[in-house]
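# Reading the structure
Given next are the chains, with one letter for each unit.
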Amino acid sequence: SWPYRFACIRLGTSPPPQAEAMTTPGVWDASAANFEMKRKSSFSVFSAGTSRPRPAQGDEEEKGKHEKLWNLMANYKANDVDAVQKDVVSHVEYSLACTRFGFSKEDAYRAASLAVRDRLLESFNDTNAWYEQQDVKRGYYLSAEYLLGRAFQNALVNLDLEPAFKEAMMGLGFELEELYPFEADPGLGNGGLGRLAACFLDSMATLSLPCWGYGIRYSYGIFKQDIVSGWQVERPDYWLAKPVPWEIPRPDITYPIRFGGTVEDYTDEKGTHRQRWVGGEIIQAMAYDNPIPGFDTFNTNNLRLWRSLPSEEFDFDSFNESRYTEAVEARRRAEDLSAVLYPNDDKWEGKMLRLKQQYMFVSASLQDLLREFIKRPGRQWSDLPSKVSVQMNDTHPTMAVVEMMRLLVDVQKLGWDEAWDLTRRTCNYTNHTVMPEALEKWPVEMMEQLLPRHLQIVGEINKRFMEELAKMYGDGPKVWGLSLFQEEPFKGIRMGNIAVLGSAKVNGVAAIHTEIVKKETFADFYQYFCDKGQKDKFVNMTNGVTPRRWIHCANRPLSDIFTKHLSSHKWLTDMSLMKQLIAKKDDPSLQAEWMAAKRAAKEKLAAHVKEHMGIEMDCEALFDVQFKRIHEYKRQLLNCFYIVHRYLMIKSASPSERAKFQKRACFIGGKAAPAYVNAKTIIKLVGNLGEVINNDPDVSPYLKVGFVPNYSVTVAQVICPASDISEHISTAGTEASGTSNMKFVMNGGLIIGTMD
């Protein structure tokens, strides 16, 4: 059982101290090759030899030497109110250096968070020890985005610590709910893609699956959205301005990432002709771990994020010669890679930054997971597909196919055919878009400049693939469409094609979407694999969202109603149990409780709108909402046309006729890409509609309009419970899945939507 096995392996390590802004210098020589998959800590700065490995848990000699240490770590922290209070107060004094005379609510949040993190780390270390002991097959989820939301309440709920912490903090003079707003939303994602990734992490931990996430530790989120004179204005979202208690810096887990350079031919010691990538510039990717607790389980998984750092911190010679800017130029170039989510790529330099950003995170992740795989004694590379599964979330991480080939062929010196077979059986690809123009394509010229070895590998994969296709189909447009290269409108590499060819499985994210992927987006590939007898290559995996955050955390009154009428909280991990409520749908007491919960949620949203927008809302009105990225295909403009139509209907009616109209409050929110002029103009239109309608004495009692700024997970947790109806009206066939509709409907709202 879980409790028993955890009690047997309470040997976890303490978290390292908070990392400074700078890490130690790199140990890699750019003129050398094939040193990947060795962490920096594998080298001695003094001798360049390997360091002594960490003692194995079964080492009896080491166990005897450290028995006192291990005995002291054998017990879990207590979770009673008194123990929690002592831990919080201890962190106030010893972690935050505060006194009882200068102890603010924000200090209380930080101290309480650290007390929760202590308990998270116990489970985190035990989980990882158990995975290693059992030698489980591991899943690795690679995603450029993770729209996590605040961690504090989620951790309390999943660890079942909320009641104890609530009473403990109340005893110290603080309401737990007053502390939640002091946590910043992590700036690691934007839309549904990132939120899906976050929900997957929660679900995998809750199901006790051995799965980790990998991504980028962005210094800045996509941007903080302000509305000035009706227009969107982008401000820096520096979510790391204050210490983040949930992340664990890992300066010992740092890998080399190379850009530029050249490729040399050579013959290895076995007489095999090979290539090595040398020269160029090397940066460092440093890990930051973020524990992901499961709900109602002892399992805590990990989200490992990479921060880019220079290999050399500081050019002392340039500084001494008063060239101060040059002295830190390498640091600036390196840190640019993990600075911003989705840098503007309408210029060549922006595209280069995106490519470098994506390669940095993919390379560091693969070096880390392949090292974890091969370090086990007796492990053979032929075991890789049975012990590792790499899931690429959309096309951003699809360079993983090419990088895995490089690591296996160049660094581990496997034969090409064996490496290609292992890669194709280990990698999997989730497609999130039905629009071919949204599938990334990198210019050949850019690849040659930044990743010359990868360009060679893509060329070799394509050469062998084209030879196979020529035997199957001859020559012609069908074969050209399957090529990994495109000639027009520029000579480029089709990352979507690489992902499909190099994966064991390709999945869409909804039944309709998967059919479009098979019949339109990758129709030629689907036919090719069918012709080869691999009809199960393309599969459907419908997206979902976690009810733990989107009901239990976001809408506790409704969660309590479900638990009361279902007689347990098991519905939080099995929503099919909610079907039992259908038998009670005519129960007057349930209806009254339901409407009271909805009213409370609407009052909470009305207070938010009043505070942030200055608009008074009538909670008797129907709350009609549309919150998602601002994009033409999502058709916020169509919603605006309806609002204009309704305004004209009310305006033209007589006073007695107006009184018959259902009061309606229309809220729209979401961010527009900084360079997307049409989307930003739609935001301005919404603002203009609000100015006219909200100030019209004839219409405003019956219709209000507002654009809610800076949409985020935390804002969504206020909006979803309050909606009466929500709009999901993307042009049919363009929305891959759309998961926000699930959050709205599970909170008791109706949805208006196309078939997507």
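The structure this text deals with has already been given above.
Just so we're clear, the structure is a prediction, and the values are computed from it rather than from any experiment.

## Some thoughts on the packing of aromatic side chains
- If you walk through the whole model with that rule in mind, you get 24 aromatic pairs.
- Ring geometry for Y109 against F152: centres 5.6 Å apart, planes inclined by 70°, an arrangement best described as edge-to-face. Taken together, the positions of Y109 in helix α5 (residues 105-134) and F152 in helix α6 (residues 152-158) put the pair 43 residues apart, joining distant regions of the chain. For the pair Y109 and F152, one class covers both residues: buried.
- Taking 5.5 Å as the distance between ring centres and 80° as the angle between the ring planes, the aromatic pair formed by F623 and F667 counts as edge-to-face. Of this pair, F623 sits in strand β17 (residues 622-627) while F667 is found in strand β18 (residues 664-669), placing the two residues 44 residues apart along the sequence.

## Examining a nonpolar patch on the surface
- Residues L637, L638 and F641 make up a contiguous nonpolar surface patch of roughly 270 Å² in combined accessible area.
- For F641, the location among the structural elements is in helix α26 (residues 636-652).

## Notes on empty space enclosed by the protein
- Per the stated rule, a full pass over the model turns up three cavities of 30 Å³ or more.
- A volume near 40 Å³ is recorded for the largest cavity.
- N555, L558, W594, A597, K598, P721, N747 and G748 are the residues that line the largest cavity.

## Concerning the nonpolar core
- In this structure, F152, W306 and F525 are the most contacted members of the largest nonpolar core, which totals 130 residues.
- It is helix α13 (residues 348-374) that contributes the most residues to this core, eleven residues altogether.
- Those residues in contact with F152 that sit more than four places away from it in its chain are Y109, A112, S113, V116, L176, L179, Y180, E183 and W246.
- Judged by nonpolar contacts, the second largest core, of 42 residues, contains C553, L590, L605 and V609.

## Quick word on the packing of helix α15 (residues 399-411) against helix α18 (residues 452-473)
- Packing of α15 against α18 brings their axes to within 10 Å, and their N-to-C directions diverge by 95°. Taken together, the axes of α15 and α18 are roughly perpendicular relative to one another. Residues M399, V402, E403, M405, R406, V409 and D410 of α15 pack against R453, H454, I457 and V458 of α18.
- Looking at side-chain class alone, the contact of α15 with α18 contains six nonpolar, one polar and four charged residues.

## Section: the state of the cysteines
- In the structure shown here, the tally under the stated rule is zero disulfides.
- Left unpaired, C199 is separated from the closest cysteine sulfur, that of C720, by 11 Å.
- Take C199: its relative accessible area is 3%, and that puts it in the buried class.
- Take C640: it sits in no disulfide, and the sulfur closest to it among the cysteines is that of C666, at 9.5 Å.

## Structural notes on the pairing of strand β3 (residues 224-228)
- Looking at chain direction, β3 and strand β4 (residues 231-235) are connected through five bridges and run antiparallel. In the strand pairing of β4, I227 is matched with Q232.
- A loop of two residues connects β3 with β4, the two strands running antiparallel in sequence, and S229 in this loop sits at a positive phi of about 55°.

## Here we look at the sheet that holds strand β21 (residues 750-753)
- Spatially, five strands are ordered β19-β18-β17-β20-β21 in an open sheet, and the strand pairing comes out parallel. Of all strands in the sheet, those bounded by a partner on one side alone are β19 (703-708) and β21. Across the sheet, the axes of successive neighbouring strands diverge by a mean angle of 20°, strand direction being ignored.
- Where β17 and strand β20 (residues 725-728) come together, two bridges link them in parallel fashion. Considered in β20, the bridge of V625 is made with S726.
- Contacting β17, β18, β19 and β20, α26 crosses the sheet at an angle of about 155° to β18.

## Some thoughts on the sheet that holds strand β2 (residues 211-216)
- With mixed pairing, nine strands are arranged side by side in an open sheet as β5-β8-β9-β2-β1-β10-β11-β15-β16. Two strands bound the open sheet, and with one partner strand each, they are β5 (248-259) and β16 (538-540). Going across the sheet, the axis of each strand differs from the next one's by a mean of 25°, ignoring polarity.
- Pairing analysis gives three bridges linking strand β15 (residues 506-508) to β16, with the strands arranged parallel. Across the sheet, the residue bridging to G508 is N540, located in β16.
- Its contacts with the sheet place α13 against β1 (138-142), β2, β5, β8 (281-293), β9 (300-310) and β10 (388-393), and it is angled at close to 115° to β5.

What counts and what doesn't
- Residues numbered from 1 in each chain as written.
- Predicted model: local features only at pLDDT ≥ 70, side-chain atom pairs only at ≥ 80, totals over all residues.
- Heavy atoms only, no water.
- Phe/Tyr/Trp six-rings, centres within 6.5 Å; stacked < 30°, edge-to-face > 60°.
- Helix = DSSP H or I, 4+ residues; strand = E, 2+ residues; numbered from the N terminus.
- Buried < 20%, exposed > 50% of the residue type's maximum accessible area, 1.4 Å probe, protein only.
- Patch = residues over 30% accessible without salt bridge, like charges linked within 9 Å, V, L, I, M, F, W, Y side chains within 5 Å.
- Areas by Shrake-Rupley, 256 points an atom, 1.4 Å probe, with all protein chains shown as cover.
- Salt bridge = Lys/Arg side-chain N within 4 Å of Asp/Glu carboxyl O.
- 1 Å grid on protein atoms, 1.4 Å probe; cavity = no way out; pocket = protein on both sides within 12 Å on 5 of 7 lines; lining within 4 Å.
- Points joined across faces, edges and corners; volume = space filled by probe spheres on them.
- Core = buried A, V, L, I, M, F, W, Y, C linked by side-chain atoms within 4.5 Å.
- Contact = heavy atoms within 4.5 Å.
- Axes fitted to C-alpha atoms, helices over the stretch in contact; angles between N-to-C directions.
- Parallel < 35°, antiparallel > 145°, perpendicular 65-115°, else oblique.
- Nonpolar A, V, L, I, M, F, W, Y, C, P; charged D, E, K, R; others polar.
- Disulfide = S-S within 2.5 Å.
- Pairing = 2+ DSSP bridges.

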